[in-house]
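Residue-level listing of the chains:
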Amino acid sequence: MLLQRLVEHADTSADVIPAFYARKPVRWMLDIDSDGTPRGHLVNTADKDDPNRRFGSSRLVPAVTRTVGISPTLAVDNGEYVFGWLAEDAKPARVANQHEAFRTLIQDWMAAEPDGPGGAIDAFYRNGHAAALARPADWSRGDLIGFSVHGVYAADTPEARRFWAGVAGDRKGSGRTGLCLVCGRVQPLLKTVPQQIPRRWVPGATQSASLVSMNEAVHGYELQKFLTNTPICTDCGLKFMTALTGLLSDSKHSTALPGQNARLAWWVVGGSTFDPWAMVEQLDPTHIQALVASPAAGLEADVEDASKYCSVTVGGNVARVVVRDWVEQPVRHVKDNVRAWFDDHRIVDAWTGEVVQIKVSQLARAAGRFEAGRNGGPGTWTKFGASGEHRPPDLFHRLLGAALLKRPLPPKLLNHVVNRIRIDGRLDPARAALIRLALRRHPTLPQHDRERLTPTLNVDNPTRAYVSGRIFAVMDDLQRTVSRVAEQKLNTTFAERYFGRAIDNPQVVIVAGRRNVQAWLKRLRGPLRRPTWSQAYERRLDDLFAQLDAIPSQAVLTDKAYFILGYHQQRADMRTERIAASANKKNTDLPPEPADEASTINPEGDDA
């Protein structure tokens, strides 16, 4: 089914690379006249200052898997094939044979396609221009050299595509005809899969990788080599390999992050224009609003019922492609899953007070280790793939699966995130969103408890750990207020000192914290002359303690998550209340924040 959907994509997409072609950097270009006369010297297209042209201009190049045999490509190849140039460790006899094979291929092309550019290239050789051309001093053995005739790149003309398809098909064909497993038609069959995927698109591969390969008898059914018992026709083999290579190399249809062990490619067949990756990663508010509102408004197009979302997740093992996951699902179901994803993970930002969605890559980034900044500077997340990042290697793609397919989250994700928050002392919207998401999708959580896990503060949530987290947030806010009024700089806040311990055992910290609370309230009432503020904090704490019949101790994993969520949402709620009061939209009994603190940069950060 995977191969059939790739062939279907190749038949319907205008972006698919032609059969037996690949995009590669061509460093040197030679423009010639129709009679073969060079119109100048070899032009170096490389630009070291341009990342896209560091090794030459990217062009479509004829390509088939080339091992130890002599196998020239059409109108573009390395210097050994095109000019017979010798590198230091090259064998002269072999290079001579390579050059002769390249010229013979040009002559065959000229005979098969007399109206194409093959005649001009053949004349270039016959008239001795190749021998007279100076070799550039900075030429290297792996550089590709291409021809253009009157400025037209010869290897990608219609004549070149037609001829090359026949040549490459003959090289890879088995000489047999049979029923193709992919298209179900009787067709000429392949001996081997005609192309390989460059290793840069297959995480874990150390060489260009094959999707299907049985080059040793021990690998095949009944000890048969090649595709003897896996009949695939030439046409389908060309299409699914070019389609997969094109998808993996297209940033609009694939993604991978350093340190993660797979690359995901996706596409939609059937006519739908829905882009699931853009929806969960770019977070366009207009698109999200339209997605959420479309079912109620009856705006879902009929084409969504006939269209299917397809995705394949691949990794590599030496020269083999490992298919880690293959998905085919109706687009309408994927849209429902994305709506549920937004509903389950959106969270209030404790700095702005707004409810936000978090892109998948940021959720994966926030699950890693956080490195605090030096001398009070902003911190940063450890980069993907760096030593000590402490991220599960498949987290990004597991989160994508949860977002697009509503698959279960990794079982250890909640424990991992809770531990990182404890160790780092860092809680931001992305980590809070992961906590809420993991709780909402916990397999044993009753539905009524799931509904209590709202994006913003839920004052009616009676869960002990949740209320304890709220109490801890109010205590921390009280200490900060006392310190500001007294104009005393805090080296370590209440939360910074006790947050990790409170996650594990709220009872110990909160019981001990009540003694500090009484001292802080007394200072507000007395020396600091803020009795109304003292009364406000006292009322809030009394109301919260009244909701508890007991303060939890020795918390289990879900209790730890509830505590963190309650703490985050209580902080956000108090800040939102202050923002509204400063804009004269709401009354509050909370002390206002000083102007200099309200204007500082968000200490939680975003995509650091």
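It should be noted that the structure appears before, not after, this text.
Conventions adopted
Residues numbered from 1 in each chain as written. Predicted model: local features only at pLDDT ≥ 70, side-chain atom pairs only at ≥ 80, totals over all residues. Heavy atoms only, no water. Helix = DSSP H or I, 4+ residues; strand = E, 2+ residues; numbered from the N terminus. Buried < 20%, exposed > 50% of the residue type's maximum accessible area, 1.4 Å probe, protein only. Contact = heavy atoms within 4.5 Å. Pairing = 2+ DSSP bridges. Axes fitted to C-alpha atoms, helices over the stretch in contact; angles between N-to-C directions. Parallel < 35°, antiparallel > 145°, perpendicular 65-115°, else oblique. Disulfide = S-S within 2.5 Å. Core = buried A, V, L, I, M, F, W, Y, C linked by side-chain atoms within 4.5 Å. Salt bridge = Lys/Arg side-chain N within 4 Å of Asp/Glu carboxyl O.

The subject of this paragraph is the environment of I510. Locating I510 in the fold gives a position in helix 19 (residues 506-525). For I510, a relative accessible area of 0% puts it in the buried group. When the C-alpha positions of I510 and G469 are compared, they lie 9.5 Å apart, and in sequence the two are 41 residues distant. Setting aside its immediate chain neighbours within four residues, I510 contacts S468, I471, M475, F545 and I551.

On to the pairing of strand 2 (residues 28-32). Counting buried residues in strand 2 gives four out of five residues, a clear majority hidden from the surface. Sheet analysis places strand 2 next to strand 3 (residues 43-44), joined by two bridges and oriented antiparallel. Residue pairing for strand 3: M29 is matched across the bridge by V43. Relative to strand 6 (residues 144-149), strand 2 runs parallel, the two being bridged by five bridges. The residue bridging D31 from the neighbouring strand is S148, located in strand 6.

For the rest of this paragraph, the subject is the packing of helix 11 (residues 331-345) against helix 13 (residues 395-405). Two quantities define a packed helix pair, namely the angle between the axes and the distance from one axis to the other. At their nearest, the axes of helix 11 and helix 13 sit 6 Å apart, and the two run at 110° to each other. Our classification of the angle between helix 11 and helix 13 gives roughly perpendicular. Seen from helix 11, the contacting residues are V334, N337, V338 and W341; seen from helix 13, they are L399, A402, A403, L404 and L405.

We now examine the environment of T313. Tracing the sequence through the fold places T313 in strand 13 (residues 308-330). C-alpha separation for the pair T313 and V508, spaced 195 residues apart in sequence, amounts to 47 Å. If near-sequence neighbours (up to four positions away) are discounted, T313 is found in contact with A262, R263, L264, V322, V323, R324, D325 and H397.

In this section: the pairing of strand 6. Most of strand 6 is tucked away: six of the six residues are buried. With three bridges connecting them, strand 5 (residues 76-78) and strand 6 associate as antiparallel partners. The residue of strand 6 that forms the bridge with V76 is G146. As paired elements, strand 6 and strand 7 (residues 152-153) share two bridges and run antiparallel to each other. Paired with V149 across the two strands is V152, which belongs to strand 7. The loop that links strand 6 with its antiparallel partner strand 7 comprises two residues; one of these, H150, has a positive phi angle of about 55°.

It is worth spelling out the state of the cysteines at this point. Considering all chains together, one arrives at zero disulfides under this definition. Cysteine C233 shares no disulfide, and the gap to the nearest cysteine sulfur, in C236, comes to 3.5 Å.

Our focus in this paragraph is the nonpolar core. One finds V338, W341, L399, I435, I471, F472 and F499 to be the most contacted residues of the largest nonpolar core, which totals 91 residues. A total of ten residues in this core trace back to one element, the largest contributor, which is helix 17 (residues 464-485). With near-sequence residues (within four places) excluded, F499 lies in contact with I421, L427, F472, F494, F563, I564 and Y567.

We now examine the pattern of salt bridges. Under the defined criterion, the tally for this structure stands at 31 salt bridges. Between R5 and E328 there is a salt bridge; the shortest N-O distance is 2.9 Å. Of the two residues, R5 sits in helix 1 (residues 2-12) while E328 sits in strand 13, which places them 323 residues apart along the sequence. Assessed through its relative accessible area of 26%, E328 is described here as partly exposed. A salt bridge links R141 to E80; the shortest N-O distance between them is 2.5 Å. Of this pair, R141 sits in the loop between helix 5 (129-132) and strand 6 while E80 sits in helix 2 (residues 79-82), and the two are 61 residues apart along the sequence. A residue is classified by how much of its surface remains accessible, and E80, at 4% relative accessible area, is buried.

On to unusual backbone geometry. One non-glycine residue with positive phi stands out, namely A75, at about 65°. When you line up the elements, A75 lands in the loop between strand 4 (57-62) and strand 5. You can call A75 buried: its relative accessible area is 0%. Residue H390 is not a glycine yet carries a positive backbone phi of 55°. For H390, the location among the structural elements is in the loop between strand 17 (380-381) and helix 13.

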